[in-house]
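Chain by chain, the residues run as shown.
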Amino acid sequence: MKHIGFLSFGHWSSSPGSQTRSASDVLLQSIDLAVAAEELGADGAYFRVHHYANQLGSPFPLLAAAGAKTSRIELGTGVIDMRYENPMYMAEDAGAADLIAGGRLQLGVSRGSPESVIDGYRYFGYDAPEGSTMADVARDNTTVFLKVIDGARFAEPNPRPMFPNPHPGPLGIQPQSPGLRDRIWWGAGSDSTAVWAAEQGMNLMSSTLKEDESGEPFHVQQRKQIEAFRAAWDEAGHEREPRVSVSRSIFALVDDTDRAYFGGGHREESDQFGVIDDYRAVFGRSYAAEPEALIAQLREDEAIAAADTVLLTVPNQLGVDYNAHVLESILTYVAPALGWR
């Protein structure tokens, strides 16, 4: 059994065929797709976070709105770039949105990926102290965020406050949402960062690319990353079981529209290797085939087998109805045969 959700990049453009022509279109359709996914029986609605682009940026208004319109489905991010975040303010936003959603947020955070501008975090007022990198800043911000959502009390109270303090001693960030600390995921791009995530007690979110550390196929390297994460988790002695997600582009070709969009010649059928942020990366293949063939292909994906959660990347510019069809096709024709349902 696996949790099955969608991951939307939240693009909008005025290009021909786009049904998301503005930021308003994307935001409102993202809420509608979360509602539709819940009605179909999917388990998660996840959203990418990027800055300086015609894509979803600030996630918490969207998560709160989707939380108010749904009742069961998990609502998450994949991922929030912690180079850009004030962890205190983010903790307030996250706590409020999680309470609105009834404790259903699953927040993926990370060092993030390249943005559309150079050193974009500097325009947000952030930079690395001397002797450290922005990757260090992202991890430090994450550490602070984890502590304050876990109830840390650190701020000296005013002896004559406008309103009475709720208890004596230092105060912490409010609102607190019980259980949120266990629902934070780290988007790991390497084996070492997956191990670090386990040591911090975060779940593992592994995407469609990772650092090429062995030259092996992507799904094999990702499976080994998951194994390293779980071994480090056990070594750390955490009491709960961790969760692990992988993202994939998977399309079941069940009608002529599917074949026109994702039939032969429109996708990468093998892994790709390239350089991103000055390191060699391996990018996972896409899957698109008739259901029987698709099932056979997915059975060979070792990382999917090792994960408990599969996030299906969706072409959000094709509109809510088509993306609901994409999800329904996987849930109906593929998931049961693979034992995901």
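Residues numbered from 1 in each chain as written. Predicted model: local features only at pLDDT ≥ 70, side-chain atom pairs only at ≥ 80, totals over all residues. Heavy atoms only, no water.

Draft legend 1. Fine view of the nonpolar core. By size, the foremost hydrophobic cluster in this structure holds 72 residues, and its most contacted members are Phe 60, Leu 107, Phe 145, Ile 184, Leu 294 and Leu 298. Core analysis: the second largest hydrophobic core is formed by seven residues, Phe 262, Ala 288, Tyr 322 and Val 326 among them. (Core = buried A, V, L, I, M, F, W, Y, C linked by side-chain atoms within 4.5 Å. Buried < 20%, exposed > 50% of the residue type's maximum accessible area, 1.4 Å probe, protein only.)

Draft legend 2. Geometry of the packing of aromatic side chains. A complete count under the given rule lists 11 aromatic pairs for this structure. Consider the rings of Trp 186 and Trp 196, whose centres lie 4.9 Å apart with planes at 70 degrees: the pair is edge-to-face. Taken together, the residues Trp 186 in strand E5 (residues 184-187) and Trp 196 in helix H5 (residues 191-200) connect sequence positions 10 residues apart. Side by side, Trp 186 and Trp 196 carry an identical accessibility label, which is buried. An aromatic cluster is defined as three or more aromatic residues linked by ring pairs; in this entry it consists of Tyr 52, Tyr 84, Tyr 121, Tyr 123 and Phe 124. (Phe/Tyr/Trp six-rings, centres within 6.5 Å; stacked < 30°, edge-to-face > 60°. Helix = DSSP H or I, 4+ residues; strand = E, 2+ residues; numbered from the N terminus.)

Draft legend 3. Focus on the sheet that holds strand E7 (residues 209-211). Taken in spatial order, the three strands of this open sheet run E7-E11-E10, and their pairing is antiparallel. Lying at the two open borders of the sheet, with one neighbouring strand each, are E7 and strand E10 (272-276). The average angle at which neighbouring strand axes cross in this sheet is 35 degrees, direction not considered. Contacts from helix H6 (residues 218-236) reach E7 and strand E11 (279-283) within the one sheet, and its direction differs from that of E7 by about 70 degrees. (Pairing = 2+ DSSP bridges. Axes fitted to C-alpha atoms, helices over the stretch in contact; angles between N-to-C directions. Contact = heavy atoms within 4.5 Å.)

Draft legend 4. A look at the packing of helix H2 (residues 60-69) against helix H3 (residues 87-100). At their nearest, the axes of H2 and H3 sit 8 Å apart, and the two run at 15 degrees to each other. One finds that H2 runs roughly parallel with respect to H3. The two elements H2 and H3 cross, and the hand of that crossing is left-handed. Facing Phe 60, Ala 64, Gly 67 and Ala 68 of H2, the residues of H3 in contact are Met 90, Asp 93, Ala 94, Ala 97 and Ile 100. The residue makeup of the contact of H2 with H3, split by class, is seven nonpolar, one polar and one charged. (Parallel < 35°, antiparallel > 145°, perpendicular 65-115°, else oblique. Left-handed = near helix turned anticlockwise from the far one by under 90°. Nonpolar A, V, L, I, M, F, W, Y, C, P; charged D, E, K, R; others polar.)

Draft legend 5. Examining the sheet that holds E5 more closely. An order of E1-E2-E3-E4-E5-E6-E8-E13 is seen for the eight strands of this closed barrel, with the pairing classed as parallel. Averaged over all neighbouring strand pairs, the angle between strand axes comes to 25 degrees, with direction disregarded. Bridge count between E5 and strand E6 (residues 203-206): three bridges; the pairing is parallel. The residue of E6 that forms the bridge with Trp 185 is Asn 203. Along the sheet face, helix H1 (residues 23-40) touches strand E1 (3-8), strand E2 (44-47), strand E3 (74-81) and strand E13 (309-314) and points at about 165 degrees away from the line of E1.

Everything listed here is a matter of coordinates, which is why it stays silent on function.
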